[in-house]
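Secondary and tertiary structure notes
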Amino acid sequence: MISLNTKGHVASLERLRWQGYLAKRRLGAPGLIMAAVLMALVVTNVFFIQSHASHLEAVRDESEKRLQAMPEPRMHQGKPNLTLREVQRLQSGAQAYSIFQILKSHGLAGKQATYSRQIEAKGKLRRLTIDMAMTGSYSGLRAAIREIADQPAARIERLSVERESIESPVVNVDLKITLLGPDS
(Lines give C-alpha, C1' and ligand atoms only; values in the text may rest on other atoms or scores of the structure.)
Protein backbone atom coordinates (compact mmCIF):
# COMPACT_ATOMS: atom_id res chain seq x y z
CA MET A 1 0.00 0.00 0.00
CA ILE A 2 1.38 3.43 -0.98
CA SER A 3 0.90 6.23 1.52
CA LEU A 4 -0.20 9.72 0.44
CA ASN A 5 3.26 11.14 1.17
CA THR A 6 4.92 8.57 -1.10
CA LYS A 7 2.44 9.34 -3.88
CA GLY A 8 3.43 13.00 -3.63
CA HIS A 9 7.12 12.11 -3.96
CA VAL A 10 6.44 9.81 -6.90
CA ALA A 11 4.48 12.56 -8.62
CA SER A 12 7.30 15.03 -7.97
CA LEU A 13 9.85 12.64 -9.40
CA GLU A 14 7.68 12.06 -12.46
CA ARG A 15 7.30 15.84 -12.95
CA LEU A 16 11.07 16.31 -12.60
CA ARG A 17 11.72 13.54 -15.12
CA TRP A 18 9.22 15.12 -17.55
CA GLN A 19 10.90 18.55 -17.18
CA GLY A 20 14.28 16.92 -17.86
CA TYR A 21 12.91 15.29 -20.98
CA LEU A 22 11.51 18.64 -22.23
CA ALA A 23 14.80 20.40 -21.49
CA LYS A 24 16.71 17.71 -23.43
CA ARG A 25 14.40 18.13 -26.42
CA ARG A 26 14.72 21.93 -26.40
CA LEU A 27 18.44 22.24 -25.62
CA GLY A 28 19.86 19.02 -26.99
CA ALA A 29 22.80 17.19 -25.44
CA PRO A 30 25.31 20.10 -25.80
CA GLY A 31 22.82 22.50 -24.22
CA LEU A 32 22.24 20.19 -21.27
CA ILE A 33 25.98 19.83 -20.75
CA MET A 34 26.41 23.61 -20.80
CA ALA A 35 23.49 24.03 -18.36
CA ALA A 36 25.08 21.46 -16.02
CA VAL A 37 28.46 23.24 -16.22
CA LEU A 38 26.77 26.58 -15.52
CA MET A 39 24.98 25.15 -12.50
CA ALA A 40 28.25 23.64 -11.24
CA LEU A 41 29.94 27.03 -11.55
CA VAL A 42 27.15 28.74 -9.63
CA VAL A 43 27.27 26.14 -6.86
CA THR A 44 31.08 26.35 -6.68
CA ASN A 45 30.95 30.13 -6.47
CA VAL A 46 28.28 30.19 -3.75
CA PHE A 47 29.59 27.40 -1.53
CA PHE A 48 33.35 27.58 -1.97
CA ILE A 49 34.65 30.84 -3.43
CA GLN A 50 32.40 33.25 -1.53
CA SER A 51 32.92 31.45 1.78
CA HIS A 52 36.69 31.47 1.27
CA ALA A 53 36.65 35.17 0.38
CA SER A 54 34.80 36.01 3.61
CA HIS A 55 37.35 33.93 5.55
CA LEU A 56 40.22 35.86 3.93
CA GLU A 57 38.54 39.17 4.80
CA ALA A 58 38.23 38.08 8.44
CA VAL A 59 41.93 37.12 8.50
CA ARG A 60 42.86 40.48 6.97
CA ASP A 61 40.75 42.37 9.52
CA GLU A 62 42.36 40.49 12.40
CA SER A 63 45.84 41.17 10.98
CA GLU A 64 45.01 44.87 10.80
CA LYS A 65 43.87 44.83 14.44
CA ARG A 66 47.06 43.07 15.54
CA LEU A 67 49.12 45.55 13.54
CA GLN A 68 47.42 48.52 15.19
CA ALA A 69 47.91 46.92 18.63
CA MET A 70 51.66 46.60 18.13
CA PRO A 71 53.60 48.80 20.57
CA GLU A 72 55.59 51.74 19.30
CA PRO A 73 59.31 50.99 19.66
CA ARG A 74 61.63 53.14 21.73
CA MET A 75 63.81 55.24 19.50
CA HIS A 76 67.59 55.58 19.79
CA GLN A 77 69.18 58.17 17.50
CA GLY A 78 66.18 58.08 15.18
CA LYS A 79 66.21 54.25 14.87
CA PRO A 80 64.06 51.72 16.73
CA ASN A 81 65.84 50.39 19.81
CA LEU A 82 64.29 47.01 20.64
CA THR A 83 65.36 44.44 23.21
CA LEU A 84 65.29 40.72 22.43
CA ARG A 85 62.15 40.35 24.55
CA GLU A 86 60.39 43.12 22.58
CA VAL A 87 61.39 41.56 19.26
CA GLN A 88 60.04 38.21 20.51
CA ARG A 89 56.63 39.87 21.04
CA LEU A 90 56.43 41.20 17.48
CA GLN A 91 54.10 39.28 15.18
CA SER A 92 55.94 38.75 11.90
CA GLY A 93 52.67 37.95 10.10
CA ALA A 94 51.37 41.39 11.02
CA GLN A 95 54.72 42.91 10.06
CA ALA A 96 54.60 41.25 6.65
CA TYR A 97 51.05 42.46 6.16
CA SER A 98 52.14 46.02 7.03
CA ILE A 99 54.98 45.82 4.49
CA PHE A 100 52.52 44.81 1.76
CA GLN A 101 50.12 47.58 2.85
CA ILE A 102 52.93 50.17 2.62
CA LEU A 103 53.88 48.99 -0.86
CA LYS A 104 50.26 48.99 -2.01
CA SER A 105 49.59 52.45 -0.56
CA HIS A 106 52.46 53.86 -2.62
CA GLY A 107 51.20 52.32 -5.87
CA LEU A 108 53.56 49.37 -6.13
CA ALA A 109 51.85 46.33 -7.65
CA GLY A 110 53.29 42.94 -6.72
CA LYS A 111 53.96 40.41 -9.46
CA GLN A 112 55.10 37.59 -7.20
CA ALA A 113 56.56 36.92 -3.76
CA THR A 114 58.46 34.01 -2.25
CA TYR A 115 58.91 33.33 1.45
CA SER A 116 61.54 31.49 3.46
CA ARG A 117 61.85 30.88 7.21
CA GLN A 118 64.97 30.36 9.30
CA ILE A 119 65.72 30.08 13.03
CA GLU A 120 67.73 32.88 14.67
CA ALA A 121 69.19 33.59 18.14
CA LYS A 122 69.47 29.97 19.31
CA GLY A 123 65.82 29.18 18.56
CA LYS A 124 64.39 32.24 20.33
CA LEU A 125 63.60 34.11 17.12
CA ARG A 126 62.67 33.19 13.60
CA ARG A 127 63.51 35.03 10.43
CA LEU A 128 60.92 35.50 7.67
CA THR A 129 62.50 36.51 4.36
CA ILE A 130 60.21 37.87 1.65
CA ASP A 131 61.57 38.18 -1.88
CA MET A 132 59.24 40.27 -4.05
CA ALA A 133 59.03 41.37 -7.66
CA MET A 134 56.81 44.39 -8.37
CA THR A 135 56.22 47.39 -10.60
CA GLY A 136 55.37 50.98 -9.81
CA SER A 137 56.62 54.54 -9.93
CA TYR A 138 60.08 55.54 -8.77
CA SER A 139 58.72 58.20 -6.40
CA GLY A 140 56.30 55.67 -4.86
CA LEU A 141 59.19 53.24 -4.38
CA ARG A 142 61.30 55.88 -2.60
CA ALA A 143 58.47 56.75 -0.22
CA ALA A 144 57.72 53.07 0.49
CA ILE A 145 61.39 52.28 1.19
CA ARG A 146 61.54 55.16 3.69
CA GLU A 147 58.52 53.77 5.54
CA ILE A 148 59.79 50.19 5.46
CA ALA A 149 63.18 51.30 6.84
CA ASP A 150 61.37 52.68 9.91
CA GLN A 151 59.64 49.35 10.65
CA PRO A 152 60.94 47.60 13.80
CA ALA A 153 62.86 44.35 13.28
CA ALA A 154 62.72 44.73 9.49
CA ARG A 155 65.77 44.80 7.27
CA ILE A 156 66.00 45.51 3.55
CA GLU A 157 68.41 42.87 2.25
CA ARG A 158 68.35 43.68 -1.45
CA LEU A 159 66.84 46.34 -3.68
CA SER A 160 67.14 46.25 -7.45
CA VAL A 161 65.43 48.85 -9.63
CA GLU A 162 65.22 48.67 -13.41
CA ARG A 163 63.51 50.98 -15.88
CA GLU A 164 62.81 49.49 -19.30
CA SER A 165 63.16 52.80 -21.15
CA ILE A 166 64.24 56.26 -20.06
CA GLU A 167 60.88 57.87 -20.87
CA SER A 168 58.86 55.24 -18.99
CA PRO A 169 57.65 56.30 -15.51
CA VAL A 170 57.27 52.63 -14.51
CA VAL A 171 60.12 50.78 -12.81
CA ASN A 172 60.54 47.05 -12.19
CA VAL A 173 61.61 46.36 -8.61
CA ASP A 174 63.18 43.31 -6.98
CA LEU A 175 63.04 43.66 -3.19
CA LYS A 176 64.18 41.29 -0.45
CA ILE A 177 63.10 42.05 3.12
CA THR A 178 63.86 40.12 6.32
CA LEU A 179 61.57 40.29 9.38
CA LEU A 180 62.46 38.99 12.84
CA GLY A 181 59.83 37.66 15.21
CA PRO A 182 58.83 34.65 17.31
CA ASP A 183 56.32 33.20 14.83
CA SER A 184 57.88 33.75 11.43
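All figures in this text were calculated on a predicted structure; none of them were measured in a lab.

Before going further, it helps to spend a moment on the overall build of the chain. Assigned secondary structure in the chain consists of four helices and six strands. Counted from the first residue to the last, the chain has its helices and strands arranged as α-β-β-α-α-β-β-α-β-β. Evaluated residue by residue, the chain yields a buried proportion of 22% over its 184 residues. Sequence-distant contacts in the chain: of pairs separated by 6 or more residues, those separated by 24 or more amount to 66%. Surface accessibility of the chain: about 13,100 Å² in total, with carbon and sulfur atoms responsible for 57%.

Side chains that differ in charge, positive against negative, can pair when their charged atoms come close. Using the criterion set out here, one finds five salt bridges in the structure. Arg158 serves as the salt-bridge partner of Asp174, at 3.3 Å between the closest nitrogen and oxygen. Placement of Asp174 in strand S6 (residues 170-181) and of Arg158 in strand S5 (residues 154-163) is noted, with a sequence separation of 16 residues between them. You can call Arg158 partly exposed: its relative accessible area is 31%. If you follow the salt bridges from partner to partner, you end up with Asp131, Arg158 and Asp174 in one network.

The topology assignment puts Gln95 in helix H3 (residues 92-105). Residue classification places Gln95 among the buried positions, given a relative accessible area of 3%. Through-space distance from the C-alpha of Gln95 to that of Gly181 is 9.0 Å; in sequence the pair is 86 residues apart.

Once that is clear, we can look at the nonpolar core. Core analysis: the biggest nonpolar cluster contains 19 residues, and Leu103, Met132, Leu175 and Leu179 have the highest contact counts within it. Secondary-structure elements contributing two or more residues to this core are H3, strand S4 (125-137), helix H4 (138-149) and S6. Counting residues per element, this core draws most heavily on S6, at five residues. If sequence neighbours within four positions are ignored, Met132 has contacts with Ile99, Phe100, Leu103, Gln112, Ala113, Val173, Asp174, Leu175 and Ile177.

Rules and cut-offs
Within each chain, residue numbers correspond to sequence positions counted from 1 in written order. Thresholds applied to this predicted model are a pLDDT of at least 70 for local features of residues and 80 or more for the giving and counting of side-chain atom pairs; totals over whole chains, interfaces and linings are not thresholded and use all residues. Values reported for side chains reflect all heavy atoms of the structure, with hydrogen atoms and water molecules removed beforehand. Starting at the N terminus, helices and strands are each numbered in turn, a helix being any DSSP run of H or I of at least four residues and a strand any DSSP run of E of at least two. Each residue gets one of three labels from its accessible area relative to the maximum for its type: buried under 20%, exposed over 50%, partly exposed in between, using a 1.4 Å probe on protein chains only. Two residues form a contact once any of their heavy atoms are found within 4.5 Å. Under the convention used here, a 1.4 Å probe and the Shrake-Rupley method define accessible areas, while residue burial counts only the protein chains that appear. For this document, the term salt bridge refers to a Lys or Arg side-chain nitrogen within 4 Å of an Asp or Glu carboxyl oxygen. The criterion is simple. A nonpolar core is a set of buried Ala, Val, Leu, Ile, Met, Phe, Trp, Tyr and Cys residues joined through side-chain atoms within 4.5 Å.

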